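# Inside the fold
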Amino acid sequence: MTSPSPAEPRPRIPAGARAVVQQGFYEGLELPIDAAWLVIGRGASADWCLSELTLSRSHAAFGWDGERFFVEDLGSTNGTFVNGERSARVRLRDGDEVQIGRLRLRVAIPRALDGDPG
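The present account deals with the structure reproduced in this document. (Residues numbered from 1 in each chain as written. Predicted model: local features only at pLDDT ≥ 70, side-chain atom pairs only at ≥ 80, totals over all residues. Heavy atoms only, no water.)

Our next topic: the side chain of threonine 54. Note that threonine 54 resides in the loop between β4 (48-49) and β5 (60-64). Here the side chain of threonine 54 touches glutamate 52 through a polar contact of 2.8 Å, side chain to side chain. Ignoring anything within four residues of it in the chain, the contact list for threonine 54 reads His59, Asn78, Gly101 and Arg102. (Helix = DSSP H or I, 4+ residues; strand = E, 2+ residues; numbered from the N terminus. Polar contact = N/O pair within 3.5 Å; in protein donor to acceptor, adjacent residues only side chain to side chain. Contact = heavy atoms within 4.5 Å.)

Time to look at the environment of serine 76. As for its position among the elements, serine 76 is in the loop between β6 (69-73) and β7 (80-82). With 22 residues separating them in the primary sequence, serine 76 and threonine 54 have C-alpha atoms 9.7 Å apart. The residues contacting serine 76, other than those within four sequence positions of it, are Ser56, His59 and Arg86. Looking at serine 76, its side chain comes within polar contact range of the side chain of histidine 59, at 3.2 Å.

The next subject is the sheet that holds β7. With antiparallel pairing, the 6 strands of this open sheet are ordered in space as β2-β1-β11-β10-β7-β8. Two strands lie at the open edges of the sheet, namely β2 (30-32) and β8 (85-86), each paired on one side alone. Across 3 bridges, β7 lies against strand β10 (residues 97-100) in antiparallel orientation. Note on β10: the bridge partner recorded for threonine 80 is isoleucine 100. (Pairing = 2+ DSSP bridges.)

Taken together, the 5 strands give an open sheet; going across it, the order is β4-β3-β5-β6-β9, and neighbouring strands pair in mixed fashion. Looking at which strands have only one partner, the edges of the open sheet turn out to be β4 and β9 (89-91). When β5 meets β6, the two strands line up antiparallel, connected through 5 bridges. By the bridge assignment for β6, phenylalanine 62 is matched with valine 71.

Scope: geometric values only; no functional claims are made or implied.
Okay, structure coming up:
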């Protein structure tokens, strides 16, 4: 998936989704998933620019596809893992653990959007 072009209508992003860093220097940092496409990495052009050597410049993107929240690896060197499994693109559920480089993030998705019937 690529970033939406300026001519495309922007989807309305449901409020409340976020990724929270679970350990390390950035522990406790909350990153709101409040756009259709948010890049996390160590490069200056990343939406969430974190000074972490194990991240690629543009490591992964979090976002909203119009139905669900997702995370997508952007060809990073160290990969993107969701609940311990290396993933290219995954729809997110409340409580998922995303690891990018050495950073572990816990995803919080509003219950109504989680897609989990239980």
